[in-house]
2 protein chains.
Amino acid sequence: MAIISFQLNSNLYLRDPQSSQLGQNIIQAAVKLIYTAGFEEFTFKKLGIEIGSPEASVYRYFENKHRLLLYLIDWYWTWLEYKIDFHNQNIKSPLDRLRNCVLLLVEEKTVDTDIPFVDEQKLQRIVNTEFEKTYLTRQVDTDNKEGLFLPYKSLCKKIAAIIKEINPKYPFPHSLVSTILLSANHQIYYAEHLPSLTDIKTDSKQKHSKLSEFLSTMVFNTIGAKVR
Amino acid sequence: MAIISFQLNSNLYLRDPQSSQLGQNIIQAAVKLIYTAGFEEFTFKKLGIEIGSPEASVYRYFENKHRLLLYLIDWYWTWLEYKIDFHNQNIKSPLDRLRNCVLLLVEEKTVDTDIPFVDEQKLQRIVNTEFEKTYLTRQVDTDNKEGLFLPYKSLCKKIAAIIKEINPKYPFPHSLVSTILLSANHQIYYAEHLPSLTDIKTDSKQKHSKLSEFLSTMVFNTIGAKVR
DNA sequence: TCGTTTATGATAGTATTACTATTATATGCA
DNA sequence: TGCATATAATAGTAATACTATCATAAACGA
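For every chain, the first residue of the written sequence is number 1, and numbering continues from 1 along that sequence. Numbering of ligands from 1 and lettering of chains from A proceed in the order in which they are written. Residues qualify for local features only when their pLDDT is at least 70, as the model is predicted, and side-chain atom pairs are given and counted only at 80 or more; totals for whole chains, interfaces and linings, by contrast, use all residues.

Novice: Any chance you could explain the protein's contact with DNA strand C here in plain terms?
Specialist: In the vicinity of DNA strand C there are 15 residues, among which Thr 43, Ala 56 and Asn 64 of chain A together with Leu 22 and Ser 53 of chain B approach most closely. Going through the elements one at a time, α3 (55–59) of chain A together with α3 (55–59) of chain B are the ones with two or more residues in the surface near DNA strand C. Secondary structure elements follow DSSP: runs of H or I of four or more residues count as helices, runs of E of two or more count as strands, with numbering from the N terminus. The element best represented in the surface near DNA strand C is α3 of chain A, accounting for three residues. When residue character is reported, Ala, Val, Leu, Ile, Met, Phe, Trp, Tyr, Cys and Pro are called nonpolar, Asp, Glu, Lys and Arg charged, and the others, Gly included, polar. Of the residues belonging to the surface near DNA strand C, the class tally is five nonpolar, five polar and five charged. Any residue whose backbone-placed C-beta atom lies within 6 Å of a molecule or strand is treated as near that molecule or strand.

Here it is, written out as structure tokens:
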């Protein structure tokens, strides 16, 4: 596979982190630190120490830590949509395509060696726990106007279109998709931290297959399609 | 109706805010400030100014602002479960009870004059946007051990039990309930801020009835019950 | 009614966070 | 060689999230 890179919305950053070694170090270290300590504990100061650069240098790439988080998360959704497009190529049946979407969404990610400075496995965990913090803020509307949520909206739209193919009469395709995207994140989190809110067990080796079974059944039954 | 009050987990506070005028002022002002400015902008200093008391006085009631938010949100879920119990009394059909749950969950709250120091309408909006911030933190596990999420878990369990009555073979009752509880919050938020993620329109007068239609259809179809 | 808890007010102080600003040095490239 | 640009090094600031101390006032029990 060729080396790929995603060009993200330039409003996300002041200087493109993919364009320099320091920028790539920032991304790599940010993923590591947010993964291990959580977004609240994460500061540009700690990031600077991690990469051996002054705090002020990080500020030349990102206006603030919120934008940096958005960058990571936009990257993730862009990457996931890319994977979905890749897998669904030449598949005629919308049912199969929809099933694929759920599988790819839920599947535990492994590190993609084609993109050296992003650890996709850690990034998936970051998306699980931090995603909603990107939009549950005072600045949603201005961030939205700047297009900072486009990758997620694009993914939602794509999957909703498949649902419309299957059942053009179903009145809530976008709501259904945003619900399963959200639920996918949360069920995994619940399994680990609030197990009484879910029926998916952490220890189970088929954690991810159980989750995709839950989500698939929900989607297919809701839109009135036969689950094979 | 009698004047009711809910006794919440004492780990939430240092001194029970329901027990004094100052405590009630704190709750009332906190709801107002978090509602208008959001949890991130909310500080004990601003709260102190609002009620004309020093910051330090607030700290005598709540260890920190996170616990105060948890207090409000626990109060909300406790109140909602109380309302559900009240409405579902003597209703035999589990289908009807489940339908009631969705309606009560989604319904726009009006101020309950029986509880003078809590503005339920504002509190519902707070729950919509801030709920997940209570558990998507580093301290989930310790907070959970202290029982700070019990009201939400109890509600989830209660609705899951109704689902089990309807279809004892459905394997994911808790996951389904936590999914709809979450989705109810988010669809409303999306309608206002990220409309392309939902099919529910803000301006529509039947916003709440559309949402309950969406959720009910999803639940009933998923568990294989007939939607009347 | 006196004495004593107990709650609150008034005020001060601290470490950390989220930045901004300035100057110096190093690197690339025309 | 000259010049632009990126980064390092360092300093500084306002706000946040607390903690600590002491005075005063209300409440309550003997």
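From this point on, the discussion continues.
Novice: Can you walk me through helix α5 (residues 94–106) of chain B in this structure?
Specialist: Every α-helix carries 3.6 residues per turn, so stepping three or four residues along brings you back to the same face. Residues and elements named next belong to chain B. Spanning 13 residues, α5 covers 18 Å between terminal C-alpha atoms, matching the ideal 18 Å at 1.5 Å per step. Backbone-placed C-beta atoms define the burial measure: a residue is buried with 20 or more other C-beta atoms within 10 Å of its own, exposed with 12 or fewer, and partly exposed in between. Those residues of α5 lying buried are Arg 97, Leu 98, Cys 101, Val 102 and Val 106. Considered in projection along α5, the buried side chains sweep an arc of 165° and stay on one side of the axis. For α5, the secondary structure elements touched by its buried residues are α4 (65–88), α8 (150–166), α9 (173–193) and α10 (207–223). Multiplying 1.5 Å by the helix residue count minus one yields the expected span of that helix. This arc is built from the directions going out from the helix axis to the C-beta atoms. Note that contacts rest on C-beta atoms placed from the backbone: two residues are in contact if these are within 7 Å.

Novice: It is not clear to me how the relation of the copies chain A and chain B should be interpreted in this structure. Could you clarify?
Specialist: Each of the two chain copies goes to the other by way of a rotation about an axis and a shift along it. Least-squares fitting of one copy onto the other uses the C-alpha atoms of those residues that reach a pLDDT of at least 70 in both copies. The transform that puts chain A on chain B rotates by 180° and translates by 0.0 Å along the axis, for an RMSD of 0.0 Å. Look at the turn and shift together and you get a two-fold axis relating the two. Taken together, the interface assignments show that 100% of the residues at the interface of chain A recur at the interface of chain B, consistent with an identical surface on both copies.

Novice: Looking at this model, I keep getting lost on the protein's contact with DNA strand D. Mind explaining?
Specialist: Lining the immediate surroundings of DNA strand D are 14 residues, of which Leu 22 and Ser 53 of chain A together with Thr 43, Ala 56 and Asn 64 of chain B lie closest. Counting only elements with at least two residues in the surface near DNA strand D, the list comes to α3 of chain A together with α3 of chain B. Counted by class, the surface near DNA strand D contains five nonpolar, five polar and four charged residues.

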